[in-house]
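Architecture at a glance
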Amino acid sequence: TMSERTPLLHYRLSASVNESDPQRVVQERGAAAGPAAPGPSRRRQSAQPQKLTTFFGVVIPTLLSMFSVVVFLRIGFVVGQAGLYQAIAMFLVAYLIISMTVLSVCAISTNGALDAGGAYYMISRAMGPEFGGSIGIMFFFANVCGSALFVLGLVEAIIDTFGIQADTAGVGGVRVLPSSYWWALLYGTGILLLCLLVCLVGAHIYAKATFLIFLIVIVVLATIFISFFAVGPHAVPLPQTHANSTVSYANFTGFKLSTLQGNLGPKYTVDYTTGTQMTFATVFAVMFNGCTGIMAGSNMSGDLKNPSYSIPRGTITAVIFTFIIYNLLNVLVACTCDFLLLQKDYSFLRDINLWHPFVTIGIYSSTLSAAMSNLIGASRILYALARDDLFGRVLSPAKRTSRSGNPWVAVLISWFLVQMVLFAGKLNTIAGIVTIFFLLVYAAVDLACLALEWASAPNFRPTFRYFTWYTCVLGIVGCMVMMFLINPIYASASIAFMLLLLLVIHYLSPNSSWGYISQALIFHQVRKYLLMLDVRKDHVKFWRPQILLMVANPRSSTHLISFINDIKKSGLYVLGHVELGDLETLPSDPLQSRYDSWLSLVDRLNIKAFVNLTLADSVRHGVQHLLFISGLVSKGGMRPNTLVLGFYDDCPPKDQLLERQTLSGSSLDILSSGMDPEEVTQFNFPALRGSSEGDGQAKVLLAEEYVAVIADAVKMLKNVALARYFCRFDRAEVLGRRGGLFVDVWPLNLMRPDSSSYVDTCSLFLLQLACVLNMVRAWRKAQLRLFLCVESGHSTRGPEEKLGQLLRKLRIKAAIHTVPWDSVVALHWHKQGGETRETGVQKAGREGLEEEGDFVNSFPSNATRLSDEYLRAANRLVLEQAFPPPAVRFLYLPRPPADTRLYQTYLHQLDVLTRDLGPTLLIHGVTPVTSTDL
């Protein structure tokens, strides 16, 4: 008897507690050692939620959800409308789709520990919060609508039984229960309240109830199969559509070949419950609801003893069992029942059974169980969504649970929404919506598994291996095709709603620690394409700047970082930093804790850059490390080709992170955008030299080492740019300037007045970078001004025409301005012929070179002979052409001298030449970067 089974059932449920909980294990061992006095520990033990085994937690809920309405109320409808051939085809297609999804569910569920939420938990942890959250909401609504569907199915069965009854004399009918719309809604509300009471108690009561229902359903199914053989042919009265209608009959013929032949082909007609014409798609939508229960066991993942073990085994067992039963019933129904009986009486199995109440009990039990299954599944999904805080305070009440861990608030919310859906009134009305929602969720599960498989992450190694990427693709394609076949409007609306949810969660939800499959997929694809990059196939036509910007302290460099982001032209951009130290003397790598601050800075400035930090004993060695190893491909396909350094001078650094200045291309102002000064401290950058916190700090880089870094980069065939006065560069103010925006380019080497070449590699590189800046959207309104230095004794027309012709060939639009500089050149040659006021460093350098026999016009020797007076004159020449003032200047940077003793002289000359010029880039190019060919 059931009273004898109940203690055994309670023991089996109690014994399935999660043994991985140490506190629980200790409590159980203490209880086994002897009786414990009642107290807090015993109360905590009784409050622990009871866990379910594979059979009770997965097999039974899945079987009952899949049997529910279709097996008792719609199996004849499917065969009567579609015929046996199409009915079997429908079940094959449906089970092919769900089998692909089951394989994906099994793979994901065996790849790690599962928690409450079922399919939502799997998808969110695999695909990230945006996709998982949107699908979780869709799955929640699918379960809500599914619960309403089964409640309506039960109401329909009750009305068929106790509503309008056929009179045996054929003279009318007797109204036992009112059967109007509002009465049906009342019956559905009462049934739903019963489901609510069971779900409020908890999963263990639900498991007990479903086990009892499972036994009833199995017995009823056995009587149905027996009835096909034991009951003889007879006429079956058809349901009446209203009280005064005439009674009509259809035949149960028993096994007859003519009956089978009459049921082989389709006979689509009007559904007598809704009055709509049936088609393959509408019949499939109703039939597919018998397959949507495959997630019933997965929804209970938080209540299972071992989800990774139970879900695959229990789900596959239930799917195979239901597939066999459905197809056997299809064949038996087609062989024994007239098609009119199948089309006009959905509860005909009751009328042909050995004892009519058997089927009625089965219908009531299975549909009630399916309704409870979907209701409790919806509550678990809602609870998981609330616990993950994807929607903030909107779902926060759903986090509340009882002492036993039952999310009673989520149950109440789910119950309320199911009650709202019940207003639809007819089972077939919402069957299409439920099917669409479930198909979308199944496609998402397949997509999650496909993404994990394609990402090839080493940690994706599920113990269930009977799946491949093409089973996932087949599942996705099958689900999407069937969605649009069933109802294109509902399918399109559901996908649009899912995408809207995805965007909302993307912008509103906090960052999660679940991991993002998109990152793994991007890495996989990027790696594949990077391996295809080959420096041997590079061509100057496709050259682009790939920049390594060395940053000593980001606090004083944000303006420069934002500006360099503008001239990268979709190329590689790396922020480099050298931390002085010796790893051998340190307990751990100090750089690992710094990356978060640097990446936060990249996000804050809204730039597209990588960050590369290194630890070295000197800045020079650190820059060498970065130039050697920075980039993404050892072949050289994505490695920096340009080194950018801040200028070496004595300007006091300013903390630009605390200034009320726009920092990036998105017009982000630290203070006006809501970023208060306290928030800046999150970057964890050291204090600046000269600030109150940084008093006593000295430069860690000497002048000779700075020039050596430039020389090293040139030796490594890297272009070099020195940025000066970008502490005065305000990007928002410059780009918003009304009086015109100008970029000045001086392609002549002002430190070699004896040279008048405008077309060497360095000059062309200068032009290229200026043109790249002008191609950026924010800088397109800027005008390039190209300054041509000429001597009055020579014709200016020839050089200007040649330069203009070169610009046209290079497709560079610039205004050419001729600048007479006779007085500056004359000053230089006058000083070369007479006495020169030289500093001690200059004199020592010159004498050293002359002793070595260098020619006076060679670059190093000539550089030593440049006087400060000439350099100041060249500086004034540049300043005199600054009307209107340019946003930035591009100047020619000569190659560092070969003699290291001249490094200080070289740096001094650069300082004098560029003093007070405003934001200036001194640029030295070593590789061809322009092309006039197609």
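Up top you'll find the structure we're talking about.
Residues numbered from 1 in each chain as written. Predicted model: local features only at pLDDT ≥ 70, side-chain atom pairs only at ≥ 80, totals over all residues. Heavy atoms only, no water.

Glancing now at the overall build of the protein. Secondary structure summary: the protein contains 33 helices and 14 strands in total. For the protein, buried positions account for 54% of its 934 residues. For the protein, long-range pairs separated by at least 24 residues make up 81% of all intrachain contacts whose partners lie at least 6 apart in sequence. Per element, the accessible surface of the protein, about 41,000 Å² overall, is 60% carbon and sulfur. (Helix = DSSP H or I, 4+ residues; strand = E, 2+ residues; numbered from the N terminus. Buried < 20%, exposed > 50% of the residue type's maximum accessible area, 1.4 Å probe, protein only. Contact = heavy atoms within 4.5 Å. Areas by Shrake-Rupley, 256 points an atom, 1.4 Å probe, with all protein chains shown as cover.)

Together, Arg 544, Lys 569, Arg 777 and Arg 780 make up a region of like positive charge exposed at the surface. When its relative accessible area of 36% is taken as the criterion, Arg 544 is described as partly exposed. (Patch = residues over 30% accessible without salt bridge, like charges linked within 9 Å, V, L, I, M, F, W, Y side chains within 5 Å. Salt bridge = Lys/Arg side-chain N within 4 Å of Asp/Glu carboxyl O. Lys, Arg positive; Asp, Glu negative; His and termini not counted. Charge placed at Lys NZ, Arg CZ, Asp CG, Glu CD.)

Looking now at the pattern of salt bridges. For the coordinates displayed, the defined rule picks out 9 salt bridges. Here Arg 731 makes a salt bridge to Asp 566, at a shortest N to O gap of 2.8 Å. Note that Arg 731 is positioned in helix α26 (residues 731-735) and Asp 566 in helix α21 (residues 558-566), a separation of 165 residues in sequence. Residue classification places Arg 731 among the buried positions, given a relative accessible area of 10%. The closest approach of N and O atoms between Asp 911 and Arg 915, which form a salt bridge, is 2.3 Å.

Time to look at the packing of helix α8 (residues 203-230) against helix α12 (residues 307-336). Orientation of α8 relative to α12, taken along the N-to-C sense of each, is 30 degrees, at an axis distance of 10 Å. It follows from the interaxial angle that α8 and α12 lie roughly parallel. Both α8 and α12 take part in a crossing whose hand is left-handed. Contacts between α8 and α12 involve Ile 218, Leu 221, Ile 224, Phe 225, Phe 228 and Phe 229 from the first element and Phe 321, Ile 325, Leu 328, Leu 329, Leu 332, Val 333 and Thr 336 from the second. Tallied by class, residues from the contact of α8 with α12 come to 12 nonpolar, 1 polar and no charged. (Axes fitted to C-alpha atoms, helices over the stretch in contact; angles between N-to-C directions. Parallel < 35°, antiparallel > 145°, perpendicular 65-115°, else oblique. Left-handed = near helix turned anticlockwise from the far one by under 90°. Nonpolar A, V, L, I, M, F, W, Y, C, P; charged D, E, K, R; others polar.)

Turning to the pairing of strand β8 (residues 642-646), a few remarks are in order. In terms of residue burial, β8 counts as a mostly covered element, since 4 of its 5 residues are buried. Pairing analysis gives 3 bridges linking strand β5 (residues 547-550) to β8, with the strands arranged parallel. Within β8, the position partnered with Ile 547 by the bridge is Thr 642. Here β8 pairs with strand β9 (residues 719-724) via 5 bridges, running parallel. Across the sheet, the residue bridging to Gly 646 is Ala 723, located in β9. (Pairing = 2+ DSSP bridges.)

Membership of the largest hydrophobic core comes to 171 residues, with the highest contact counts inside it found for Ile 98 and Phe 228. Top contributing element to this core by residue count: helix α4 (residues 54-109), with 31 residues. Excluding anything up to four places from it in sequence, Ile 98 contacts Met 66, Phe 288, Cys 291, Ile 294, Val 319 and Tyr 442. Counting 113 residues, the second-largest nonpolar core is a separate cluster that includes Ile 710, Ala 713, Leu 893 and Leu 917. (Core = buried A, V, L, I, M, F, W, Y, C linked by side-chain atoms within 4.5 Å.)

On to the side chain of Thr 471, then. Looking at the secondary structure, you find Thr 471 in helix α18 (residues 469-486). Given the relative accessible area of 12%, Thr 471 is considered buried. One polar contact links the side chain of Thr 471 to the main-chain carbonyl oxygen of Thr 468, over a distance of 2.6 Å. The contacts of Thr 471, once residues within four sequence positions are left out, are Met 100 and Leu 103. (Polar contact = N/O pair within 3.5 Å; in protein donor to acceptor, adjacent residues only side chain to side chain.)

Below, the discussion takes up the packing of α18 against helix α19 (residues 488-508). Where α18 contacts α19, the two axes come as close as 5 Å, and the packing angle between them is 125 degrees. If you check the angle between α18 and α19, you find them oblique. Residues Met 480, Met 483, Phe 484 and Ile 486 of α18 touch α19, and the partners they reach there are Pro 488, Ala 491, Ser 492, Ser 494 and Ile 495. The residue makeup of the contact of α18 with α19, split by class, is 7 nonpolar, 2 polar and no charged.

So, about α19. The end-to-end C-alpha separation of α19 is 30 Å, in line with the 30 Å expected for 21 residues at 1.5 Å each. For α19, the capping residue at the N-terminal end is Asn 487, with a side-chain oxygen 3.1 Å from the backbone nitrogen of Ile 489. (Expected span 1.5 Å × (residues − 1).)

Our focus in this paragraph is the packing of aromatic side chains. According to the stated counting rule, one finds 28 aromatic pairs in the structure shown. Considering the side-chain rings of Phe 55 and Phe 214, the 5.7 Å spacing of their centres and the 85 degrees angle between planes classify their relative orientation as edge-to-face. With Phe 55 in helix α4 and Phe 214 in helix α8, the pair connects residues that are 159 residues apart, well separated along the chain. Members of the aromatic cluster, each reached through a chain of ring pairs, are Phe 55, Phe 56, Phe 211 and Phe 214. Above the ring of Tyr 529, the side-chain terminus of Lys 528 is found at 5.4 Å from the ring centroid. Sitting over the face of the ring of Phe 742, Arg 785 holds its NZ or CZ atom 4.5 Å from the ring centroid. (Phe/Tyr/Trp six-rings, centres within 6.5 Å; stacked < 30°, edge-to-face > 60°. Lys NZ or Arg CZ within 6 Å of the ring centre and 35° of its normal.)

With that settled, consider the sheet that holds strand β14 (residues 920-924). Across the sheet, 10 strands lie side by side as β7-β6-β5-β8-β9-β14-β13-β10-β11-β12; this open sheet has mixed pairing. Unpaired on one side and paired on the other, β7 (610-616) and β12 (815-820) mark the two borders of the sheet. Strand after strand, the sheet turns through a mean of 25 degrees between neighbouring axes, direction not considered.

What follows deals with the environment of Val 535. Structurally, Val 535 can be placed in the loop between α20 (517-530) and β5. Each C-alpha atom, one on Val 535 and one on Met 638, is 8.6 Å from the other, the two residues being 103 residues apart in sequence.

Here the focus is the pairing of β14. For β14, a buried count of 5 out of 5 residues is recorded, marking the element as mostly surrounded by other parts of the structure. Here β14 shows no split at all, with Thr 920, Leu 922 and His 924 on one side and Leu 921 and Ile 923 on the other all buried. As defined by bridge partners, β9 adjoins β14 across 5 bridges and the pair is classed as antiparallel. Counterpart to Arg 724 in the pairing with β14 is Thr 920. Between the parallel elements strand β13 (residues 888-892) and β14, the chain passes through helix α33 (residues 903-913) in a crossover that is right-handed. (Right-handed = clockwise from strand over helix to strand, strands pointing away.)

Function cannot be read off these values alone, since they describe shape.
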